[in-house]
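The primary structure of each chain is shown beneath.
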Amino acid sequence: MKPFAFTRPTDVDTAVQAATQPGARFLAGGTNIVDLMKEGVEAPDQLVDINRLPLAAIEAQPAGGLRLGALARNSDTANHPLLRTRYPLVAQAILAGASGQLRNAATNGGNLRQRTRCPYFYDVTQPCNKRAPGTGCSALQGFNRNHAVLGTSAKCIASYPGDMAQALHALDAVVQLQGPSGRRTIPIAQFHRLPGDTPELDANLAPGELITAIDLPAESARFAQRSHYLKVRDRASYAFALVSVAAALDMEGSRIRQARICLGGVAHMPWRAREAEALLQGAEPGTPLFRRAAEAALAGATGFEHNRFKIELAKRSIVRALETTTRSTA
Amino acid sequence: MTSLLSDERQADELPDDDSHPLLPSPAGQLTRRAFLAESGTTGIAGILASAPMAASVASAAPADADAAPPSSMALALRVNGKPHALQVDPRTTLLDLLREQMALPGTKKGCDHGQCGACTVLVNGRRINSCLALALSHDGAEITTIEGLARGNELHPMQAAFIKHDGFQCGYCTSGQICSAVGMLREAEQGVPSHVTADVRRTGPVAQLSDAEIRERMSGNICRCGAYPGIVAAVREVSLAMPRSANSRRSRA
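For every chain, the first residue of its written sequence is number 1, and the numbers climb from 1 along that sequence. Ligands are numbered from 1 and chains lettered from A, in the order in which they are written. For a predicted model such as this one, the threshold for reporting local features is a pLDDT of at least 70, and the threshold for listing and counting side-chain atom pairs is 80 or more; totals across whole chains, interfaces and linings nevertheless cover every residue.

**Quick notes on the interface of chain A and chain B**
Defined as follows: The contact criterion used here is simple: two residues whose C-beta atoms, placed from the backbone, lie within 7 Å are in contact. Strands are runs of DSSP state E lasting at least 2 residues, helices are runs of H or I lasting at least 4, and numbering of each runs from the N terminus. Residue type decides the class: Asp, Glu, Lys and Arg count as charged, Ala, Val, Leu, Ile, Met, Phe, Trp, Tyr, Cys and Pro as nonpolar, and the leftover types, Gly among them, as polar.
Contacts between the two partners involve 32 residues from chain A and, on the opposite side, 39 residues from chain B. Take the side of chain A that touches chain B: its biggest share by element is five residues, from helix α6 (residues 100-105) of chain A. Of the residues in the side of chain A that touches chain B, the class split is 16 nonpolar, twelve polar and four charged.

Take a look at the structure:
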């Protein structure tokens, strides 16, 4: 590992200022960046340890939402009574990811910033446009079983590895940022990126910009009665998703007032299936309808040599997740 | 509630040889580590403690002195109840610090990438992978390793249960399994749900852990010998024997 300077600021302004310098990276739980540094994928000149910043609180908001501090640990977030009762989908998604040890260390902000587990991204001897722009994509013709089938580009077919973010996207979370030019707030849909021509960028962040909190809106608590996070993977636990589905329904009598579906493991970012959501809106729930919605969600999918199975798997997973969701009760 | 951990233990109560994850060694008896060193055996422990890795961890000296960041920084830790003032290279993980600088090799280096759990230790009572933790990030923390669980010659209940139920074969993952299990039961006491919890909306204490719950909550610890049935039996036994604290009985919903 290359030597680096290590700083431990205690206020956000100082941290942001330090991280604006070239070669600087934030360090929170470290569960991803330390690993990337061991592999040589990341080689920062400076690590800005943000664990002393006062960003670990989880607080109910006056307007009814819930603010998740960027430095609250994943395990504490998943066990927070207000998150569990109002936004159980987020707790389920967090608990589907990693291990107890990793969730104790990993933070909410860091979870959103974790990088793909594409093996070519991790292998510094291989071409990878995400790690070394312009060198090519080894996964296109390589071992691409765990890669994306939606929203890919000729430059990159990596998939987003996380779980929590699918739930946050489904529930229209909002990301609070602070950077060198001040604070801003963006919908999480505008936070993560598709690869396009710049797969090296995972998120729409300015240099030095820091996630300070993630807000769950009050309206999204209406999905608390019926939501489900389904994760399909090669083993029962402690594995990344082949496909995951965050599904949530808000019912009005026997009809669906609003549906939310966000897919994981199939795209460079959490993939909101808005066409499927539109099909479900106003309809009475049922398996044939869910299958039509699933077909719509994957209509634009393109598989590669080893991951074509994901397209049908994602469709069936959507149906299963929605069926489970309709069985949920108060 | 009675702490399962030994935070308050005095240093002079620690076993003389803290290299064995399971059994305190009676004075004068040859220890496993001493045996390996003397016989020149290069078992797993021998390979992992070999010079190249130690060098890669310790060599901070960069060629360009102008651009070089400080090669060591001060760090204060309490480890197994004892305070330590240390100087560490910023690149040092908590795992390497414990094993290479503090002579506490009970914590094992398996994958070194957070995928196996062999390096699990308790930091302020919470289990984490010490291989992915930079030591400097934990300045001021209370660390408990496998060496700190026993009270003198009295094994921690989880250690005793692992022996009773054959919760290991080669033993390499065992210290991580035991530290993880101790941290996991504390989490369950605090009402932490899991992926197999039927309804996360029901907050409050976790009822008796099912085998499915134990397996899921322990999934961050891989055992390549496949001693899982014994591990589950050991964790189940300790879990059943644990007094439910007043705090965990109270509903927080």
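**A word on helix α4 (residues 94-101) of chain B**
All names here are of chain B. What counts, and what does not: Working definition of burial: number of other C-beta atoms within 10 Å of the residue's own, with buried at 20 or more, exposed at 12 or fewer, and partly exposed in between, all C-beta atoms being placed from the backbone.
In terms of burial, α4 is a largely internal element, six of the eight residues being buried. Buried within α4 are the following residues: Leu 94, Leu 95, Asp 96, Leu 97, Leu 98 and Arg 99. Positive backbone phi, approximately 55°, marks Ala 103, located one or two places after α4.

**Let's talk about the packing of helix α5 (residues 157-164) of chain B against helix α8 (residues 228-241) of chain B**
Residues and elements named next belong to chain B. Cut-off, in case you're wondering: Lines fitted to the C-alpha atoms define the axes, with helices restricted to the stretch that makes contact. Angles between their N-to-C directions range from 0 to 180 degrees. Orientation is classified from the angle alone, with under 35 degrees giving roughly parallel, over 145 giving roughly antiparallel, 65 to 115 giving roughly perpendicular, and any other angle giving oblique. In this scheme the handedness of a crossing depends on how the near helix is turned from the far one: anticlockwise by less than a right angle means left-handed, clockwise means right-handed.
Where α5 contacts α8, the two axes come as close as 8 Å, and the packing angle between them is 140°. In this view, α5 runs oblique relative to α8, as classed from their interaxial angle. Our pair here, α5 against α8, has a crossing hand that is right-handed. Taken together, the residues of α8 that come into contact with α5 (itself represented by Pro 157, Met 158, Ala 161, Phe 162 and Lys 164) are Ala 234, Glu 237, Val 238 and Ala 241. Grouping the constituent residues of the contact of α5 with α8 by class yields seven nonpolar, no polar and two charged.

**Concerning the pairing of strand β2 (residues 82-88) of chain B**
All names here are of chain B. As a reminder of what qualifies: Only when DSSP finds a minimum of two bridges between them are two strands counted as paired.
Here strand β1 (residues 73-79) runs beside β2; their pairing, made up of seven bridges, is antiparallel. Within β2, the position partnered with Arg 78 by the bridge is Pro 83. Counted along the chain from β1 to the antiparallel partner β2, the turn is two residues long, and its residue Asn 80 has a positive phi close to 50°.

**Some words on the pairing of strand β9 (residues 227-232) of chain A**
Residues and elements named next belong to chain A. Within β9, five of the six residues are buried, which leaves it mostly tucked inside the rest of the structure. In the sheet, β9 pairs with strand β10 (residues 243-252) via six bridges, with the strands oriented antiparallel. Residue Val 232 lies in a different strand from β10, and its bridge partner there is Val 243.

**With respect to the domain arrangement of chain A**
Threshold: These domain boundaries are the output of an automatic or database domain assignment.
Taken as a whole, chain A is organised into domain 1 (5-52) and domain 2 (223-327). The gap between the C-alpha centroids of domain 1 of chain A and domain 2 of chain A is 36 Å.

**Brief notes about the nonpolar core**
Basically, it comes down to this: Each nonpolar core comprises buried Ala, Val, Leu, Ile, Met, Phe, Trp, Tyr and Cys residues, the members being joined through C-beta atoms within 7 Å.
One finds Leu 89, Val 90, Leu 171 and Ile 318 of chain A to be the most contacted residues of the largest nonpolar core, which totals 156 residues. For this core, the element with the most residues is helix α6 (residues 174-189) of chain B, which contributes seven residues. Ignoring sequence-local partners within four residues, the contact set of Val 90 of chain A consists of Leu 83, Met 164, Ala 167, Leu 168 and Leu 171 of chain A.

**A short note on the sheet that holds strand β2 (residues 24-27) of chain A**
Residue and element names in this part refer to chain A. Taking strand neighbours across the sheet as the criterion, the three strands line up as β1-β3-β2 in an open arrangement whose pairing is parallel. Since the sheet does not close on itself, it has two edges, and those belong to β1 (5-7) and β2, each with one partner. With direction set aside, neighbouring strand axes in the sheet form an average angle of 25°. Of the strand pairs in this sheet, β1 and strand β3 (residues 46-49) are connected by three bridges, and their pairing is parallel. In the strand pairing of β3, Phe 6 is matched with Leu 47. Strands in contact with helix α1 (residues 12-19) are β1, β2 and β3; relative to β3, the strand with the most contacts, it is inclined by about 165°.

**Considering unusual backbone geometry**
A positive phi angle is found at Asn 80 of chain B, which is not glycine, with a value near 50°. With respect to the secondary-structure elements, Asn 80 of chain B resides in the loop between β1 and β2.

**A look at α8 of chain B**
Residue and element names in this part refer to chain B. Test applied: Helix span is expected to be 1.5 Å times the residue number reduced by one. Summarising the geometry, the arc corresponds to the directions from the helix axis toward the C-beta atoms.
In this model, α8 (14 residues) spans 20 Å end to end at C-alpha, consistent with the 20 Å of a helix rising 1.5 Å per residue. When α8 is considered as a whole, its buried residues turn out to be Gly 230, Ile 231, Ala 234, Val 235, Val 238 and Ser 239. Projected onto a plane normal to the axis of α8, the buried residues spread over an arc of 165° and lie on a single side. Of the exposed residues in α8, those oriented more than 90 degrees away from the buried face are Pro 229 and Leu 240. Where α8 is buried, its residues touch α5, α6 and α7 (211-217).

**Some remarks on the domain arrangement of chain B**
Residues and elements named next belong to chain B. Splitting chain B by domain gives domain 1 (72-148) and domain 2 (153-253). Once you take the C-alpha centre of each, domain 1 and domain 2 turn out to be 22 Å apart. If you look at the interface, domain 1 gives 15 residues, while domain 2 gives 14 residues. Elements with a minimum of two residues in the side of domain 1 that touches domain 2: β3 (120-123) and β4 (126-129). Counting residues per element, the side of domain 1 that touches domain 2 draws most heavily on β3, at three residues. Taken together, the residues of the side of domain 1 that touches domain 2 break down into six nonpolar, six polar and three charged.

**Notes on the sheet that holds strand β5 (residues 142-144) of chain B**
Residues and elements named next belong to chain B. Spatially, five strands are ordered β2-β1-β5-β3-β4 in an open sheet, and the strand pairing comes out mixed. The sheet is open, and its two edges are formed by β2 and β4, each paired on a single side. Mean inter-strand twist for the sheet, computed between neighbouring axes without regard to direction, equals 40°. Where α6 meets the sheet, it contacts β3 and β4, and its direction lies at approximately 40° from that of β3.

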